Amino acid sequence: MEAKQILLGASLMLLAACGGQTSKNNDAALTGNVKIDGSSTVYPITEAIAEEYRVVAPNVKVTVGVSGTGGGFKKFSRGETDINDASRPIKTSEAEACRGNNIEYVSLMIAYDGLAVVVNPQNDWVDYFTVEELKKIWEPSAEGKIMKWSDIRPKWPNERINLYGPDAASGTYDYFTEAVVGESGKSRGDFTNSSDDNVLVQGIATDKYSLGFFGLAYYEENMSKLKVIGVDNGKGVVIPSFESVSNSSYTPLSRPVFIYVSKAAAQRPEVKGFVNFYIDKAGSISKDVGYVSLPAELYTKAKEEFGTFTR
Amino acid sequence: MNNATDTLIPAPRTRVTDLTQRSHTARRNHLIDQTFKYLGVAATFIGLIVLAYFIIDIAIDGIGRIDWDFLTSLPSRKAEKAGILPAWAGSAWILALTAIISLPLGVAAGVYFEEYAKESRMNHLLEVNIANLAGVPSIIYGILGLEVFGRLMGFGESLLAGAFTLALLILPIIIVATREAIKAVPSTLREASYGLGATKWQTIKWQVLPAASGGILTGTILSLSRAVGETAPLIVIGALAYVPFVPSGPMDQFTVLPMQIFNWTSRPQAAFLTNAAAAIIVLLLITFIMNGIAIYLRNRWQKNLK
């Protein structure tokens, strides 16, 4: 009885392996290490892919660190890692550092991440924000000036507004300030900041006059405690969702996330196998961990790009 | 007579008032005494209540999550499947390596200061700096470790680089503990040894160190239980967030329990917070057990000395 079940299981696995798009029988024979570091935003996707890759290539040791996009690029440009997770494109200074150490690389887009602007569920006055209003609230000169809800729109309550956001070390903060204020890393300083987005969720959920922003995944997981606010970028109000992020209508608060692969590393079969697997699975996995997948043709394009890069 | 009684009478009166005054002061002092006692009790309890609240809160969140699978599984994106095997294995490796590195260095330095060092400006400077080292924030050790052990000595992001960094971090504590333990060794022991013709080294090896070993071990274990909770220096060294294997040698990459906890608490899914609570319980158990061993050793050592 048991032997039959094992046989059945084995043949099913064989079928599944044959049906896969990638050449899994090759991956199974691979050995070696794949060293990844970088953004904590991209980390959940990479971790999930690494977990899945273990099933296909059990002898390849994939390790993932969370030094942040910038910290990761430092190691990447020294040749200490094979792949860097990045929640923004590489900076000129980082690209130069790579060139200085003869590190050639390719950048592959793997998913979208949306930023949600949220308030307390008891907040019944905000219907939407325009990008200008968000700028007015968050720009450096707003400190000491925009202190009450009525300072944004006069008909809103004459109550103190309490702001929450990720701390300045995060790529999320960089992205939000760049998209809203116009300059990365510049904003008012008098807001409650934390590197732990769950702290922000708790703060906003218990504070009627709060306003904050963070990754869409944190809103999706805490929908009952928060109220998401649509953003008007001049083309009408758009509420962040998987659809509006993936069809790019939720601008400017959605962004692509990347992996950077070093050329020297990509010559190694285990790294090549892993990256190909990554591109194949990124669509379904990114949804699984709360991110938004790219349109299918972009994955096909990424795969071609990586193919020519390693040739 | 009259005069005499007149002069005599006031005397007892003053004595009586004196007595009441004294009993008044005594009562006041007693009151202050009591107040201070209860303040002390309150201060003790505030610490304990906060600790108890924390432990109960964590236990409620996490105790149900701890089972054999949790201890023997690899990390996963699915919270209910995820485990802490690479994390606790990494912590155990780090603990063992740190102990092996720091114990001989710390004890040798402690012995030098107590037994050999002469009163000199140089030695005084060394002593002051070791005390200063104990106050350096741990992240600074991480930056130092990354440059010296990670890059200069070429250990990379290995367990060895992490262990050397943590060994530096706890070295001042071990040195101080060793010195205190050696100071507590009765001078009669030493004199008896010298009296029998033993050399200095023979005295240290056969008399002083065995007598001081309980104190040295206690200090070492307490400092190691601090090292096992450190995250900041290890993040700088390059401890990873996702390691799907148990390290098989000191040059392997690694993760540790605090790192895994930190990683889980920043996840959006509530189920990962439960995992973090469970991992915290495991980490607390490790520290409690280590502190327990330290207390046991201290008690045994004190009995032996008497």
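Please read these numbers as outputs of a predicted model, since none were measured by experiment.

Peer 1: I tried to follow the overall build of chain A on my own but got confused; where do I start?
Peer 2: In terms of helices and strands, chain A carries 13 helices and 11 strands. Each principal axis of the C-alpha distribution contributes one length, and for chain A these read about 70 × 60 × 30 Å. Expressed as a percentage of the 311 residues in chain A, the buried residues total 51%. Once local pairs closer than 6 in sequence are excluded, the contacts in chain A between residues at least 24 apart make up 75%.

Peer 1: In this structure, what is going on with the UniProt feature "domain: ABC transmembrane type-1" (unreviewed entry) in chain B? I would like to understand it.
Peer 2: As recorded in UniProt, the sites labelled "domain: ABC transmembrane type-1" (unreviewed entry) are residues 88–294 of chain B. Between the end C-alpha atoms of residues 88–294 of chain B the distance is 21 Å, and the span holds 77% helix and 0% strand.

Peer 1: Even after reading the chapter, I still don't get the packing of aromatic side chains, so can you show me in this structure?
Peer 2: Residue and element names in this part refer to chain A. A full pass over the atoms with the stated rule returns 23 aromatic pairs over all chains. Taking the centre distance of 5.1 Å and the plane angle of 55 degrees together, the rings of Tyr53 and Phe277 count as tilted. In this pair, Tyr53 is assigned in helix α3 (residues 43–56) and Phe277 in helix α12 (residues 269–288), connecting sequence segments 224 residues apart. Relative accessible area serves as the criterion here: at 0%, Tyr53 is assigned to the buried category. Look at Phe277 and you get buried, because its relative accessible area is 1%. Three or more aromatic residues joined by ring pairs make a cluster, and in this case those are Phe73, Phe76, Tyr105, Phe258 and Tyr260.

Peer 1: What should I look at first to understand the UniProt feature "transmembrane region" (unreviewed entry) in chain B in this one?
Peer 2: Residue and element names in this part refer to chain B. Mapped onto the present numbering, the UniProt feature "transmembrane region" (unreviewed entry) falls on residues 36–56, 92–113, 125–146, 158–177, 231–250 and 270–297. Segment residues 92–113 splits into 100% helix and 0% strand. End C-alpha atoms: 31 Å apart. Measuring from the first to the last C-alpha atom of residues 158–177 gives 29 Å, for a span that is 95% helix and 0% strand.

Peer 1: Explanation requested: the domain arrangement of chain A in the structure shown.
Peer 2: How large an interface is tends to be reported as the accessible area lost when its parts come together. Residue and element names in this part refer to chain A. One can read the domain layout of chain A as domain 1 (2–112 + 257–310) and domain 2 (114–254). Inter-centroid distance (C-alpha atoms) of domain 1 to domain 2 is 32 Å. Tallying the contact residues gives eight residues for domain 1 and eight residues for domain 2. Each partner contributes to the roughly 650 Å² buried at the junction of domain 1 and domain 2, and carbon and sulfur atoms together form 63% of this total. Looking at the side of domain 1 facing domain 2, the largest losses of area belong to Tyr112, Gly290 and Val292, adding up to 63% of the total buried there.

Peer 1: Looking at this model, I keep getting lost on unusual backbone geometry. Mind explaining?
Peer 2: Of all residues except glycine, most have a negative phi; of all peptide bonds, most are trans. All names here are of chain A. Along the chain, Thr251 connects to Pro252 via a cis peptide bond; the corresponding omega equals 5 degrees. Topologically, Pro252 is positioned in the loop between α10 (242–246) and β11 (254–262). Its identity is not glycine, yet Asn102 carries a phi of approximately 60 degrees, on the positive side. Structurally, the position occupied by Asn102 is in the loop between α5 (92–100) and β4 (105–119).

Peer 1: How do you make sense of the side chain of Asn263 of chain B when you look at a structure like this?
Peer 2: Along the polypeptide, Asn263 of chain B turns up in helix α11 (residues 257–265). Assessed through its relative accessible area of 8%, Asn263 of chain B is described here as buried. The residues contacting Asn263 of chain B, other than those within four sequence positions of it, are Tyr43 of chain A together with Ala241 of chain B.

Peer 1: Honestly, the UniProt feature "domain: PBP" (unreviewed entry) in chain A in this entry has me stumped. Any pointers?
Peer 2: As recorded in UniProt, the sites labelled "domain: PBP" (unreviewed entry) are residues 27–280 of chain A. Across residues 27–280 of chain A, helical content stands at 35% and strand content at 26%; the span's end C-alpha atoms are separated by 14 Å.

Peer 1: Help me understand the pattern of salt bridges in this model?
Peer 2: The final tally for this structure, using the stated rule, is 23 salt bridges over all chains. The partner of Arg268 of chain A in a salt bridge is Glu270 of chain A, and the shortest N-O contact between them spans 3.0 Å. Residue classification places Arg268 of chain A among the partly exposed positions, given a relative accessible area of 29%. Note that Arg190 of chain B is salt-bridged to Glu115 of chain B, the shortest N-O span being 2.8 Å. Of this pair, Arg190 of chain B sits in helix α8 (residues 187–195) while Glu115 of chain B sits in helix α4 (residues 85–116), and the two are 75 residues apart along the sequence. Classification of Arg190 of chain B by relative accessible area gives buried; the value is 18%. Among the residues examined, Glu115 of chain B registers a relative accessible area of 10% and is labelled buried. Through salt bridges with shared partners, a single network forms among Glu51, Glu52 and Asp288 of chain A together with Arg77 and Lys81 of chain B.

Peer 1: Could you clarify how one ought to interpret the pairing of β4 of chain A in this entry?
Peer 2: Two faces, one strand: in a regular strand the side chains alternate between the faces of the sheet. All names here are of chain A. Summarising burial for β4: 12 of the 15 residues are buried, a large majority. Sheet topology note: the β4/β11 ladder contains nine bridges and is antiparallel. Residue Val106 lies in a different strand from β11, and its bridge partner there is Val261. The sheet contact formed by β4 and strand β8 (residues 210–215) spans five bridges and is antiparallel. Counterpart to Ala116 in the pairing with β8 is Phe214.

The rules behind these values
Residues numbered from 1 in each chain as written. Chains lettered and ligands numbered in written order. Predicted model: local features only at pLDDT ≥ 70, side-chain atom pairs only at ≥ 80, totals over all residues. Heavy atoms only, no water. Helix = DSSP H or I, 4+ residues; strand = E, 2+ residues; numbered from the N terminus. Buried < 20%, exposed > 50% of the residue type's maximum accessible area, 1.4 Å probe, protein only. Contact = heavy atoms within 4.5 Å. UniProt positions renumbered as here; feature names shortened; annotations may be inferred. Phe/Tyr/Trp six-rings, centres within 6.5 Å; stacked < 30°, edge-to-face > 60°. Domains from an automatic or database assignment. Buried area = accessible area lost by both parts, 1.4 Å probe. Salt bridge = Lys/Arg side-chain N within 4 Å of Asp/Glu carboxyl O. Pairing = 2+ DSSP bridges.

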